[in-house]
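# Residue-level structure breakdown
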Amino acid sequence: MSTTAQPPTESTALRRDALGVAGIVFLVLAAVAPLTGVVVVASLAIALGNGGGTPMSFLLVAAILLLFAVGYAQMSKQLVNAGGFYAFVVKGLGRTGGLVAGFIATLGYNFFVVGTIGTSGFFMQVIIADLTGFDLHWYVWGLASIVACFVLARTGIDFSSRVLGVALVLEVLILVVFDISVLVQTGYDAGAFSPESVLSGSLPIGLLLAATGFLGFEATALFSEEARDPLRTVPRATYTAITAIGLILGVTAWAVVSATGVAQAQQTALDHLESGDLIFTLAQTYLGGPLTTVMMVLLLVSLFAAMLAFHNSATRYLYSLGRARVLPRALARTRPGGAPQAAGLVQAGFAAVVAGLFLVAGADPIGTLVPAMLGFGTLSVLVLQGLAALSIVVHFRRARDRRTWSTLLAPGIGFLGLLTIVVMAVANFDIVAGSDALAIRLMPLLLVLALVGGLGYGAYLRGNRPEVYQGLDEDLERFNAHTGTPATPTTPV
């Protein structure tokens, strides 16, 4: 009796039970990159925002995001899906709204990874050449970094979380040492929280720049399918991540403005704006030369960790859209260990090629590549967060949920806060992107393109591929059925 060999079944499943609360928090905080946030974001917020009152800006943004997280936690208990906020928007605003969110997320996260090639490559070239004399072109360093990220990500998300955990502990540790040194040698100035300081300079720009320091926290939802007990793990990781980011950036910003003098903080930061060495200059005073060198090396570690974390996030959006057949189904293929294989290769290749195009065009990595890519990525993620907040409110109102605080007021206030930040981001996009070039200022129009594309593609799928269109929310419910999460109606729009 003969038998016919069957081809191996193609795997499209992520690895289950790979991450606990700590693993997700490591992935999220690595994307936030606390040391990079202090060296870059805090310095910009002090210089261009509300100066000595910047610590309060970080705490206010944390409060807004924690309000959003209250509703986010409730939605997470009903939706476990690697689509992250794309899945949230499908659940709340319907299939076409989800397509718009998916396109915005895909654009934003992939552009963000392109930007990290520029930042990582540039700082690796400068710092390694300064410390060792070995000078290699920024694109070579950036390319080596994205290849390393791809290899680590293929190994599995649990391995990535361990690598990122080590990087996170080291960079947070050097910030804690700096904070304690300022406290012991100078003391913290409570005047940073006075109304005069908080309202000095430009509070709106201070809030806007502070908000960029939290980008990446929303990735907790992306890893829900790979989390242990996601109904508890994801909400806890979200609260922990937002609180940790707020405390790390807020306390360290307080240390910085105390070291410079609250009243003089903005002018001092402006004096160091072009060189970008405010934090390293203070570190020379409060940490000494050897530890400042350690901080510079850890900045490279921080930048690589951020690239790896955003590569993982961007890959999962491509994977989710491939699994839903919005993008080619091949993107949903996974390795035996559960890591998205094709999506990771496409993501890394896209980032390397786009960064290479900037190189061929002769663009400066810090002057053109980084502001263009990170600026648009920042705006995209802020819009995505706002859409998710609105989706939470709409979903629970449609479900006739009777809870007022956790499903209406808290996420509603969070949505209004995020909407305000988005409006400020569009109005001050040249500050977000660090450039007033016309091409940079026009980049927000790509969001309009994503809106039109999502609406048009939704109409096409509804009329020509109804099985794919119907499957956008059925995919969410199919996975929930396997995890035991409660299925609730999704709008058919």
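Residues numbered from 1 in each chain as written. Predicted model: local features only at pLDDT ≥ 70, side-chain atom pairs only at ≥ 80, totals over all residues. Heavy atoms only, no water.

### Observations concerning the overall build of the chain
Worth spelling out the cut-off: In DSSP terms, a helix is any run of H or I states spanning at least four residues, a strand is any run of E spanning at least two, and both are numbered starting from the N terminus. Using a 1.4 Å probe on the protein chains alone, a residue whose accessible area is under 20% of its type maximum counts as buried, one over 50% counts as exposed, and one in between counts as partly exposed. In this analysis, two residues are considered to be in contact whenever any of their non-hydrogen atoms come within 4.5 Å of each other. Here the Shrake-Rupley method, with its probe set to 1.4 Å, supplies the accessible areas, and only the displayed protein chains count as covering residues.
When helices and strands are tallied, the chain shows 20 helices and 0 strands. In the chain, which comprises 493 residues, the proportion classed as buried is 59%. Restricting to contacts in the chain with at least 6 residues of sequence separation, those with at least 24 account for 82%. When the accessible area of the chain is evaluated, it comes to approximately 18700 Å², of which 67% is carbon and sulfur surface.

### Here's the deal with the packing of helix α15 (residues 365–398) against helix α16 (residues 405–427)
Short version of the rule: Here the axes come from fitting lines to C-alpha atoms, over the contacting stretch only for helices, and the angles between their N-to-C directions go from 0 to 180 degrees. With respect to orientation, any angle under 35 degrees is reported as roughly parallel, any angle over 145 as roughly antiparallel, any angle of 65 to 115 as roughly perpendicular, and every other angle as oblique. Two helices cross in a left-handed way if the nearer one is turned anticlockwise from the farther one by less than a right angle. They cross in a right-handed way if the turn is clockwise. The residue classification treats Ala, Val, Leu, Ile, Met, Phe, Trp, Tyr, Cys and Pro as nonpolar and Asp, Glu, Lys and Arg as charged. All others, Gly included, are polar.
Viewed as axis vectors pointing N to C, α15 and α16 meet at an angle of 155 degrees, and their least axial separation amounts to 9 Å. With respect to α16, the axis of α15 lies roughly antiparallel. For α15 against α16, the interelement crossing comes out left-handed. Note on element contacts: α16 touches α15 through T407, L408, P411, G412, F415, L418, I421, V422, A425 and V426, opposite L379, L382, V383, Q385, G386, A389, L390, I392, V393, F396 and R397. Taken together, the residues of the contact of α15 with α16 break down into 16 nonpolar, 4 polar and 1 charged.

### Some details on the nonpolar core
The condition is simple: Residue types Ala, Val, Leu, Ile, Met, Phe, Trp, Tyr and Cys, when buried and joined through side-chain atoms within 4.5 Å, form a set referred to as a nonpolar core.
Ranked by size, the top nonpolar core spans 146 residues in total, and within it F68 and M373 carry the most contacts. Those residues in contact with M373 that sit more than four places away from it in its chain are F111, F112, V114, G115, V354, F358 and M443. One finds L318, L331, A332 and A343 within the second-largest nonpolar core, a separate group that totals 5 residues.

### Quick look at helix α3 (residues 54–76)
What counts, and what does not: The length a helix should cover is 1.5 Å for every residue beyond the first. We define the bend at each residue as the angle formed by axes fitted to the 7 residues ending at it and the 7 residues starting at it.
The end-to-end C-alpha distance of α3 is 32 Å, a good match for the 33 Å that 23 residues give at a rise of 1.5 Å each. At V70, α3 shows its strongest bend, of approximately 25 degrees.

### Focus: the packing of aromatic side chains
What counts is decided by this rule: Side-chain rings of Phe, Tyr and Trp, where Trp is taken by its six-membered ring, are said to pair if the distance between their centres is within 6.5 Å; with planes under 30 degrees apart they count as stacked, over 60 as edge-to-face, and otherwise as tilted.
Enumeration over the complete set of coordinates arrives at 15 aromatic pairs. Here Y188 and W254 contribute two aromatic rings whose centre-to-centre distance is 4.8 Å and whose plane-to-plane angle is 45 degrees, an arrangement assigned as tilted. Here W254 lies in helix α10 (residues 230–260) and Y188 lies in the loop between α7 (157–185) and α8 (195–198), a separation of 66 residues in the sequence. Assessed through its relative accessible area of 22%, Y188 is described here as partly exposed. Aromatic rings pair up to connect Y109, F112, F310 and Y317 into one cluster.

### A closer look at the packing of helix α9 (residues 203–212) against α16
For the pair α9 and α16, interaxial distance at closest approach is 10 Å and the crossing angle is 100 degrees. In terms of orientation, α9 and α16 fall into the roughly perpendicular class. Where α9 approaches α16, its residues P204, L207, L208 and A211 are matched on the opposing element by I421, M424 and A425. Its residues assigned to classes, the contact of α9 with α16 comprises 7 nonpolar, no polar and no charged.

### A closer look at unusual backbone geometry
The phi dihedral of R325 is positive, around 65 degrees, even though this residue is not glycine. Along the chain, the position of R325 falls in the loop between α13 (289–323) and α14 (342–360).

### Brief notes about the environment of F217
Considering the arrangement of structural elements, one finds F217 in the loop between α9 and α10. Look at F217 and you get buried, because its relative accessible area is 0%. Residues F217 and L65 lie 152 residues apart in sequence; the distance between their C-alpha atoms is 9.4 Å. Apart from the residues within four sequence positions on either side, F217 is in contact with V28, V32, L65, F68, T238, I242, I245 and Q385.

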